[in-house]
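Structural overview
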Amino acid sequence: MKRRYPNTRARRLRVNTSIRDLVSESSLKSSDLIQPIFLMDGKNKKQKIKTMPDIERLSIDNAIKEIKKLRNFGIGAIALFPCIEKKLKSSNAAEAFNANGLVQRAIKEIKERVGDITIISDVALDPYTSHGQDGLLSKKGEILNDETIEVLSKQAISHAQAGADIVAPSDMMDGRIKKIRTELENNSFKNTIILSYAAKYSSNFYGPFRDAVGSQKNLGSSKKDTYQMDSRNTNEALKEVELDINEGADIVMVKPGLPYLDIVREIKNKFNIPIFIYQVSGEYSMIKAATKNGWLNEQEIVMEALACMKRSGANAIITYYAKNVLEWMR
Ligand code: PBG
């Protein structure tokens, strides 16, 4: 019998689920997922977030209940973000390193009452400044780099003291990784991991998050373009990653996710360091809006987006969908 075209049938390896799974090149595990948690003061409080349907701000007691559930579902890590009361915000962001601040108390209580869960804490000043920027402002309105990293390192130490496993500077000031690493070492926090938001772009996809932590109104129409990166750039991301690795970062983050997967791949190809992706609030809310309208299938679209992130080279993903995905995986 004559062999007929095609000689190679790529479709053989797609013939059924079992075969497709056997030859799949990447996979998403429950332990790859990190759930962000928005915190608020008070007891037994929950607050809806207008721009992020199905996500709520939680008081510490409710957050602990939620985290216990997540733990039972098999999640390994959470990322904490505070929405503090307006009266605690100031131009010098002193509340950021208050040992009894909302985040510091939450870290302590979660460690005591949930135990076996990795806590990632956000190191940045935007929830604490009266102007909503991630750094301190000069009289002229410039973001002060060197003054800001002094405050950031105090904030990071206060998180480590409370029991944070991973501190995650998301501010994009220069030199903050070195400063934080030095202070951690000086204070004997030798095992505190630094997850650097190394390639953090100045993105419109953060809008709903700013609503969630209550910095949007304070920020007004101001931008973060003088410290977060320009969406048009790749080399700049590689430079930032290299700097942060040399300064002592253990893990680097790329943020946002889906529109920036080429950056993840470039970093993966050039550096030998774990990479996390943040599927940010705008990505979440876009999917939510479309699926609430019945225009897309929520589960299918979310699983696809996360699979693409793993394919691009990410080790783990921060996603507001973590809990749903864990439920879907069961
Ligand atoms: C701020 C911070 C931001 C996010 C995480 N940390 C917003 C910003 O830089 O304005 C965004 C996360 C999201 O959009 O889900 N330090």
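Higher on the page you've got the structure.
Here we summarise the structure given alongside this text. (Residues numbered from 1 in each chain as written. Predicted model: local features only at pLDDT ≥ 70, side-chain atom pairs only at ≥ 80, totals over all residues. Heavy atoms only, no water.)

Points about the overall build of the protein
Let me state the cut-off plainly: Secondary structure elements follow DSSP: runs of H or I no shorter than four residues count as helices, runs of E no shorter than two count as strands, and numbering proceeds from the N terminus. Taken over C-alpha atoms, the radius of gyration is set against a globule rule of 2.2 Å times the number of residues to the power 0.38. Only protein chains enter the accessibility calculation, which uses a 1.4 Å probe; a residue is then buried when its area is under 20% of its type maximum, exposed when over 50%, and partly exposed in between. We call two residues in contact whenever any of their non-hydrogen atoms come within 4.5 Å of each other. Under the counting rule used here, the positive set is Lys and Arg, the negative set is Asp and Glu, and His together with the chain ends is not counted. Each charge is placed at NZ for Lys, CZ for Arg, CG for Asp and CD for Glu.
A count of helices and strands for the protein gives 12 helices and 12 strands. Computed over its C-alpha atoms, the radius of gyration of the protein comes to 21 Å, within 12% of the 20 Å expected for a compact globule of 330 residues. Along the first, second and third principal axes, the C-alpha set of the protein runs to 85 × 45 × 40 Å. Expressed as a percentage of its 330 residues, the buried residues of the protein come to 52%. Of all intrachain contacts in the protein linking residues separated by at least 6 positions in sequence, the fraction that spans at least 24 positions is 74%. Here the protein holds 51 positive side-chain charges and 41 negative ones, and the gap between their average locations is 7 Å.

Structural notes on the site of the ligand
So the rule is basically this: We call a residue near a molecule or strand when any one of its heavy atoms sits within 4 Å of it. Counting of polar contacts relies on pairs of N or O atoms within 3.5 Å, with two restrictions inside protein: one atom must be capable of donating a hydrogen and the other of accepting it, and residues adjacent in sequence are counted only when both atoms are side-chain atoms. For the area figures, the Shrake-Rupley method with a 1.4 Å probe applies, and any residue is considered shielded solely by the protein chains shown. Gly falls in the polar group here, along with every residue not listed as nonpolar (Ala, Val, Leu, Ile, Met, Phe, Trp, Tyr, Cys, Pro) or charged (Asp, Glu, Lys, Arg).
Close to the ligand lie 17 residues, the nearest being K200, R210, K224, K255 and Y320. The separation between an oxygen atom of the ligand and a polar side-chain atom of S281 is 2.7 Å. Considering the ligand on its own, with 400 Å² of exposed area, one finds that the protein chains cover 100% of that surface. Grouping the constituent residues of the shell around the ligand by class yields seven nonpolar, three polar and seven charged.

Observations regarding the pattern of salt bridges
Selection criterion: We define a salt bridge as a side-chain nitrogen of Lys or Arg found within 4 Å of a carboxyl oxygen belonging to Asp or Glu.
Summed over all chains, the structure comprises 22 salt bridges. Its salt-bridge partner being K310, residue D32 comes within 3.1 Å of it at the nearest N-O pair. Here D32 is found in the loop between α1 (17-22) and β1 (33-40), whereas its partner K310 is found in helix α11 (residues 298-312), with 278 residues between them in sequence. The pair formed by D32 and K310 is uniform in burial state, with each residue classed as buried.

So, the environment of N315
Positionally, N315 belongs in the loop between α11 and β12 (316-319). Taking the C-alpha atoms as reference points, N315 and F276, 39 residues apart in sequence, are found 5.7 Å from one another. Those residues within four positions of N315 in sequence are excluded, and the remaining contacts are D32, P274, I275, F276 and K310.

Here's the deal with the pairing of strand β9 (residues 193-200)
Working note: regular strand, side chains alternate between the two faces of the sheet. Going by this rule: When DSSP locates at least two bridges between a pair of strands, those strands are taken to pair.
Extensive coverage of β9 is indicated by the burial of seven of its eight residues. Looking at chain direction, strand β8 (residues 166-169) and β9 are connected through two bridges and run parallel. Counted as the bridge partner of V167 is I194 from β9. Looking at chain direction, β9 and strand β10 (residues 251-255) are connected through four bridges and run parallel. Residue pairing for β10: A199 is matched across the bridge by V254.

Things to note about the packing of aromatic side chains
We count it as follows: Think of it this way: a Phe, Tyr or Trp ring, Trp meaning its six-membered ring, pairs with another when their centres are within 6.5 Å, and the plane angle makes it stacked under 30 degrees, edge-to-face over 60, tilted otherwise. Only Lys NZ and Arg CZ are tested; either one counts as a charge over a ring when it is within 6 Å of the ring centre and within 35 degrees of the ring normal.
The full count for this structure, using the stated rule, is 11 aromatic pairs. Plain terms: the ring middles of F81 and Y278 are 6.2 Å apart, the flat faces sit at 45° to each other, and that makes the pair tilted. Taken together, the residues span a long stretch of sequence, with F81 in strand β4 (residues 77-82) and Y278 in strand β11 (residues 275-279) at a distance of 197 residues. In this pair, the class of F81 matches that of Y278, namely buried. Here Y284 and Y320 contribute two aromatic rings whose centre-to-centre distance is 5.8 Å and whose plane-to-plane angle is 65°, an arrangement assigned as edge-to-face. Of the two residues, Y284 is situated in helix α10 (residues 281-292) and Y320 in the loop between β12 and α12 (322-329); the sequence distance between them amounts to 36 residues. Comparing Y284 with Y320 shows no difference in burial state: the two are buried. Within the aromatic cluster, the residues linked to one another by ring pairs are F38, F81, Y197, F209, Y278, Y284, Y320, Y321 and W328. Lying across the ring of Y206, K200 places its NZ or CZ 5.4 Å from the centre. Lying across the ring of Y206, K255 places its NZ or CZ 4.6 Å from the centre.

A short note on the packing of α11 against α12
Where we set the bar: All axes are obtained by fitting lines to C-alpha atoms, using only the stretch in contact for helices, and the reported angles, taken between N-to-C directions, cover 0 to 180 degrees. Here the word oblique covers every angle except those under 35 degrees (roughly parallel), over 145 (roughly antiparallel) and from 65 to 115 (roughly perpendicular).
The contact between α11 and α12 brings their axes to 11 Å, and the two run at 105°. In this view, α11 runs roughly perpendicular relative to α12, as classed from their interaxial angle. From α11, E298, Q299, V302, M303 and L306 reach across to α12, where they touch V325, W328 and M329. Here the residues of the contact of α11 with α12 are counted per class, giving six nonpolar, one polar and one charged.

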